Amino acid sequence: MTILIAGGAGFIGSTIASACSDEGLPTVILDSLVTGRREFTRDRPFYEGDIADGELVDRIFAEHPDIDAVIHCAALIVVPDSVSDPVGYYRANVTKSLEFVAHLLRNGCERMIFSSSAAIYRAGEDFSVDEDSGIDAQSPYARTKAVCESMFADIAATAPIRILSLRYFNPIGADPKMRTGLQLRRPSHALGKMIGAMEEGVPFQITGTGYATRDGSGIRDYIHVWDLAAAHVAALRRFDGLFADGRSSTVINLGTGTGTTVKELLDAFNSVVGTPITAVVTGPRPGDVAGAYTRSDRAERLLGWRPRYSVAEGIRDSLDWAAIRDEILTPRA
Ligand SMILES: NC(=O)c1ccc[n+]([C@@H]2O[C@H](COP(=O)([O-])OP(=O)(O)OC[C@H]3O[C@@H](n4cnc5c(N)ncnc54)[C@H](O)[C@@H]3O)[C@@H](O)[C@H]2O)c1
């Protein structure tokens, strides 16, 4: 069973590739390197190019006729960029995904796992969601994910392909063996900002304390990226069984089931680092939302998967990765 990973030079895709390799599943990587890194593709077949490039996809399948499933992680993911350039984001994430799935169908690919996002949900009053919660994406980026899910469901309803959308919550951490991690030096999520504040010796900014959460700060479901990767391996192993009832597309949440507020994340961060960082409260940034966490047990029931890493371990691995990142990733020209 060989797995084609589109976007396999990125943060999550490269971690999935390592998890597959560790479990004896060979992988092939297709990535344009628009945000991904060549360093993350070493040790496995790598095709540099676009998912919409039909000739390239045909060549990959011709050279690897044993590809049994595709994991589609390729996307642009920066929410503010999607607000300023919706045309570019719909083209990159929706149009190219449509082209890609058409290329997959032409090459007889029958199984696809799609990297979706929990950002598509409308959270309930307690901020918990399950797969049946309402969809109410709050940004063009998140809407591209919701549109892709619907588009894939329509296609799988008639074409000979089955599609599993995995809705990720908030990935943190790095490959525990430190082969890969976040490419960005200054990630814009709360943990990235905490690491930045620590490195620069400045206070961390808590952006908004007026939410209806237990302490007023935003709430997230932080899932270790290695747990995410392990869930993909489990999904590949159980893929056909997920569709035994005749359905052709389905969705599963991938989170820990525990909501962590920004203030709680800060406490966890300070319990891990030697010298605690200070914090100041500022207003919310444009586009900020209160957040959500999963209350679903579907991943455990259907995949036999449960997250193993704590938030503190995710913080520890993010810090370890930040410390060695520049040794592994050569500066970009
Ligand atoms: N990081 C998160 O917080 C998060 C949360 C939920 C869902 N996701 C989804 O997970 C997937 C992976 O995200 P990530 O955090 O690893 O981001 P990333 O930017 O590190 O990885 C995306 C990869 O896709 C590649 N890519 C983009 N467009 C491409 C194209 N047209 N053709 C070929 N390659 C292309 C990039 O070069 C990059 O390597 C994305 O689909 C994203 O929407 C991420």
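Residues numbered from 1 in each chain as written. Predicted model: local features only at pLDDT ≥ 70, side-chain atom pairs only at ≥ 80, totals over all residues. Heavy atoms only, no water.

Asks: Tell me what's going on with the sheet that holds strand S4 (residues 67-72), and back it up with residues and numbers.
Replies: Taken in spatial order, the seven strands line up as S3-S2-S1-S4-S5-S7-S12 in an open sheet, and their pairing is parallel. Of all strands in the sheet, those with a lone pairing partner are strand S3 (46-48) and strand S12 (249-254), marking the two edges. Across the sheet, the axes of successive neighbouring strands diverge by a mean angle of 20 degrees, strand direction being ignored. With six bridges connecting them, strand S7 (residues 162-168) and S12 associate as parallel partners. (Pairing = 2+ DSSP bridges. Helix = DSSP H or I, 4+ residues; strand = E, 2+ residues; numbered from the N terminus. Axes fitted to C-alpha atoms, helices over the stretch in contact; angles between N-to-C directions.)

Asks: Mind laying out the environment of glycine 208, listing which residues take part and the relevant values?
Replies: Relative to the assigned elements, glycine 208 resides in the loop between strand S9 (204-207) and strand S10 (219-220). Accessibility expressed as a relative area gives 4% for glycine 208, which makes it buried. Separated by 75 residues in the primary sequence, glycine 208 and glycine 283 place their C-alpha atoms 4.7 Å from one another. Contacts of glycine 208, omitting those with residues within four sequence positions, involve Gly216, Ser217, Gly218, Thr282, Gly283 and Pro284. (Buried < 20%, exposed > 50% of the residue type's maximum accessible area, 1.4 Å probe, protein only. Contact = heavy atoms within 4.5 Å.)

Asks: Quick one: what's the story with the site of the ligand, residue by residue and with numbers?
Replies: As a matter of local geometry, the ligand sits amid 28 residues, with Ile12, Asp31, Thr35, Tyr141 and Gln183 nearest to it. The separation between an oxygen atom of the ligand and a polar side-chain atom of lysine 145 is 2.8 Å. Protein burial of the ligand: of its 820 Å² of free accessible surface, 91% is covered by the chains. Counting residues per element, the ones that place at least two in the shell around the ligand are helix H1 (11-22), strand S5 (111-117) and helix H5 (140-158). Counting residues per element, the shell around the ligand draws most heavily on S5, which supplies three residues. When the residues that make up the shell around the ligand are grouped by side-chain class, the tally is 14 nonpolar, ten polar and four charged. (Near = heavy atom within 4 Å. Polar contact = N/O pair within 3.5 Å; in protein donor to acceptor, adjacent residues only side chain to side chain. Areas by Shrake-Rupley, 256 points an atom, 1.4 Å probe, with all protein chains shown as cover. Nonpolar A, V, L, I, M, F, W, Y, C, P; charged D, E, K, R; others polar.)

Asks: For the side chain of serine 217, give the residues involved together with the corresponding values.
Replies: Here serine 217 shows up in the loop between S9 and S10. Classification of serine 217 as buried rests on a relative accessible area of 0%. Within polar-contact distance, the side chain of serine 217 engages the backbone nitrogen of valine 262 at 3.3 Å. Those residues in contact with serine 217 that sit more than four places away from it in its chain are Ile206, Gly208, Thr209, Tyr211, Thr261, Val262 and Lys263.

Asks: Could you give an account of helix H6 (residues 190-200), with specific residues and numbers?
Replies: Residues of H6 that are buried include every one of Ala190, Leu191, Gly192, Met194, Ile195, Gly196 and Ala197, and no others. For H6, the secondary structure elements touched by its buried residues are strand S8 (170-172), S9, strand S11 (222-224), helix H9 (262-272) and helix H11 (311-328).

Asks: Talk me through the state of the cysteines; I want residue IDs and the actual numbers.
Replies: Tallying each qualifying case throughout the model produces zero disulfides. Of all cysteine sulfurs, the one in cysteine 20 lies closest to cysteine 73, which takes part in no disulfide; the gap is 9.6 Å. With relative accessibility at 14%, the residue cysteine 73 sits in the buried group. Cysteine 148 takes part in no disulfide bond, and the closest cysteine sulfur, belonging to cysteine 73, lies 13 Å away. Residue classification places cysteine 148 among the buried positions, given a relative accessible area of 1%. (Disulfide = S-S within 2.5 Å.)

Asks: Outline the packing of aromatic side chains, listing residues and values.
Replies: Applying the stated rule across the entire model yields three aromatic pairs. Ring geometry for phenylalanine 114 and phenylalanine 152: centres 5.0 Å apart, planes at 75 degrees, overall edge-to-face. Placement of the pair is phenylalanine 114 in strand S5 and phenylalanine 152 in helix H5, with a sequence separation of 38 residues. Of the two residues, phenylalanine 114 and phenylalanine 152, neither departs from the other in class, the shared state being buried. Measuring from ring centre to ring centre gives 4.9 Å for phenylalanine 239 and phenylalanine 243, while their planes differ by 40 degrees; the resulting arrangement is tilted. As far as the burial class goes, phenylalanine 239 and phenylalanine 243 line up, both buried. (Phe/Tyr/Trp six-rings, centres within 6.5 Å; stacked < 30°, edge-to-face > 60°.)

Asks: Talk me through the pairing of S7; I want residue IDs and the actual numbers.
Replies: Taking burial as the measure, the seven residues of S7 include six buried ones, the bulk of the element. As defined by bridge partners, S5 adjoins S7 across seven bridges and the pair is classed as parallel. Each bridged residue has a counterpart across the sheet, and for isoleucine 113 the counterpart in S7 is leucine 164.

Asks: Before we move on, could you go through unusual backbone geometry and cite the residues and values that matter?
Replies: Leaving glycine out, the prevailing phi sign among residues is negative, and the prevailing peptide bond configuration is trans. Here the phi dihedral of leucine 33 falls at roughly 65 degrees; this positive angle occurs in a residue that is not glycine. If you trace the backbone, leucine 33 turns up in the loop between strand S2 (27-31) and S3. Judged by relative accessible area, which is 12%, leucine 33 ranks as buried. Although it is not a glycine, aspartate 43 sits at a positive phi angle of roughly 75 degrees. Mapped onto the secondary structure, aspartate 43 falls in the loop between S2 and S3.

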